[in-house]
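Spelled out, the chains give:
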Amino acid sequence: VRTNADTPRDAAKARELGAEGIGLCRTEHMFFEGNRIDAFREMICSETVEEREAALEKILPEQQGDFEKLYEALEGNPVTIRFLDPPLHEFVPTEEEDIKKLADAQGKTVEQIKAICDALHEFNPMMGHRGCRLAVTYPEIAKMQTRAVMEAAIEVAEEKGYDIVPEIMIPLVGEKKELKFVKDVVVEVAEQVKKEKNSDMQYHIGTMIEIPRAALTADKIAEEAEFFSFGTNDLTQMTFGFSRDDAGKFLDSYYKAKIYESDPFARLDQEGVGQLVKMAVEKGRATRPNLKCGICGEHGGDPSSVEFCHKVGLNYVSCSPFRVPIARLAAAQAALNNK
Ligand code: PEP
Ligand code: MG
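Residues numbered from 1 in each chain as written. Chains lettered and ligands numbered in written order. Predicted model: local features only at pLDDT ≥ 70, side-chain atom pairs only at ≥ 80, totals over all residues. Heavy atoms only, no water.

### Brief notes about helix α8 (residues 176-197)
Let me state the cut-off plainly: Helix numbers and strand numbers start at the N terminus; a helix is a DSSP run of H or I with at least 4 residues, a strand a run of E with at least 2. To estimate how far a helix should extend, the number of its residues minus one is multiplied by 1.5 Å. The rule is simple: take the accessible area with a 1.4 Å probe, protein chains only, and divide by the maximum for that residue type; under 20% is buried, over 50% is exposed, in between is partly exposed. Throughout, the arc means that of the directions going from the helix axis to the C-beta atoms. Contacts between residues were defined by any pair of non-hydrogen atoms, one from each residue, lying within 4.5 Å. Within 3.5 Å is the distance limit for a polar contact, defined as a pair of N or O atoms, with the added protein rule that one can donate a hydrogen and the other accept it, and that residues adjacent in sequence qualify only through two side-chain atoms.
Taking 1.5 Å of rise per residue, 22 residues should cover 32 Å, and α8 covers 31 Å from first to last C-alpha, within 8% of that figure. Within α8, the full set of buried residues consists of E178, L179, V182, K183, V185, V186, V189, A190, V193 and K194. One face of α8 carries all of its buried residues, which in axial projection span an arc of 165°. Away from its buried face by more than 90 degrees, α8 exposes K177, E188 and K195. Contact partners of the buried residues in α8: α6 (132-137), α7 (139-160), β4 (167-170), β5 (204-209) and α10 (218-224). Between a side-chain oxygen at the N-terminus of α8 and the backbone nitrogen of K177 the separation is 2.9 Å; the capping residue is E175. One or two steps after α8, the chain reaches N198, where phi turns positive at roughly 55°.

What follows is the structure, encoded as structure tokens:
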């Protein structure tokens with residue numbers, strides 16, 4: 001049982017409660033601390049690669065410091081770091097004062113910043129420019145994150161003597177070639193950092209399986225991915241075709257009409273979404289027999305879903321820190337019941 005944690009405090013809490021690693025670190029959450037959002041907004045509102053790289057240069061030490069603290073808190077247990085995932089417009093300033101500040105920092109006019117932010121608007125952002133699509137469009141973001149992960153891991157391994165093998169996770173992949181594209185970027189920078197630091201650190205590059213097409217083509221995806229982590233929040237959203245942010249508005253009618261018994265975002269829909277999970281594990285392992293598979297969607301902390309994960313052969317579940325004890329109990333029961 002691993003945990004979903006983005007801060008050393010959450011990671012320490014989860015370790016106390018018995019978590020054996022981090023299954024999902026959502027790196028975007030780190031950008032909200034203090035005034036870090038400023039550099040992140042500069043990155044978003046950049047119009048050239050050079051501008052974007054200058055902003056990323058400011059973010060790198062912060063990100064690296066965060067990863068170092070996570071590696072320290074985990075004391076050599078595995079840490080899966082997921083690269084930037086959400087649509088960028090979620091981070092843009094809305095207050096006049098913040099827009100002005102950003103415009104001044106970038107030598108742009110308020111109107112220019114507003115135009116850039118408007119252009120980021122999407123009608124369907126959860127199916128828009130997010131996940132690995134950001135790394136395909138802006139490889140420099142993935143480069144910065146790779147450098148931060150590798151430098152942090154090498155630093156902490158040397159200082160503390162922990163045996164660290166970074167796990168880099170690429171989100172929202174639906175096609176092997178897009179994973180390969182991002183993986184090539186990651187490998188290039190990781191190898192460069194190793195050379196600079198004179199290190200032979202190993203690392204793994206894997207993907208989330210959260211788009212139905214990724215599950216359907218898991219045999220191909222596993223040619224590139226060294227591990228799978230099922231993002232069942234998005235996988236549920238895209239399999240049912242309803243929004244994880246809005247479904248609550250109509251699901252009550254579905255419970256009343258006895259169409260659904262429970263919230264598919266809380267309890268894994270074993271009949272539909274579960275079939276995709278099972279199939280992807282089988283297809284993935286047909287290509288790569290030792291493929292490590294886990295789950296990091298909310299279902300990873302739901303007891304009936306944990307049992308299902310055990311049955312389909314997942315190696316671990318990952319859930320929020322406070323759900324770790326219940327997930328451990330469910331995992332133990334699943335192991336006993338399915339000997
Ligand atoms: C998921 O989609 O299940 C997941 C863990 O990622 P996020 O919730 O950050 O989209
Ligand atoms: Mg997701």
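Following the structure, the description resumes.
### Quick look at unusual backbone geometry
In this structure, N198 takes a positive phi of about 55° despite not being glycine. Locating N198 in the fold gives a position in the loop between α8 and β5. With a relative accessible area of 71%, N198 lands in the exposed category. Its identity as a non-glycine residue notwithstanding, K258 has a phi of 55°, on the positive side. Inspection of the secondary structure puts K258 in the loop between α12 (248-256) and α13 (273-287).

### Some remarks on the nonpolar core
Counted only if it meets this: In this description, a nonpolar core means a group of buried Ala, Val, Leu, Ile, Met, Phe, Trp, Tyr and Cys residues linked to one another through side-chain atoms lying within 4.5 Å.
Residues F40, M43, Y71, I170, F228 and F230 are the most contacted members of the largest nonpolar core, which totals 96 residues. With eleven residues, the single largest contributor to this core is α7. With residues near it in sequence (within four places) discarded, F230 still touches I209, L235, V277, A280, V281, C293, G294, I295, C296, G297 and L314. Among the nonpolar cores identified, the runner-up in size contains five residues, and L24, M169, M208 and C296 belong to it.

### A look at the side chain of D302
Rules: Two residue types count as positive, namely Lys and Arg, and two as negative, namely Asp and Glu; His and chain ends fall outside the count. When a carboxyl oxygen of Asp or Glu lies within 4 Å of a side-chain nitrogen of Lys or Arg, that pair is called a salt bridge.
With respect to the secondary-structure elements, D302 resides in the loop between β7 (292-295) and α14 (303-311). Salt bridges are absent for the buried D302, whose nearest opposite-charge side chain, R267, sits at 4.5 Å.

### Digging into the coordination of the magnesium ion (ligand 2)
For clarity, the threshold we go by: Distances up to 2.8 Å from the metal define which N, O and S atoms are donors, and 3.2 Å serves for Na, K and Ca; water is absent from the atom set, so sites may look incomplete.
The protein atoms that coordinate the magnesium ion (ligand 2) are E210 (OE) and D234 (OD), at distances spanning 2.1 to 2.2 Å. Here E210 is found in the loop between β5 and α9 (212-216), whereas its partner D234 is found in helix α11 (residues 232-240), with 24 residues between them in sequence.

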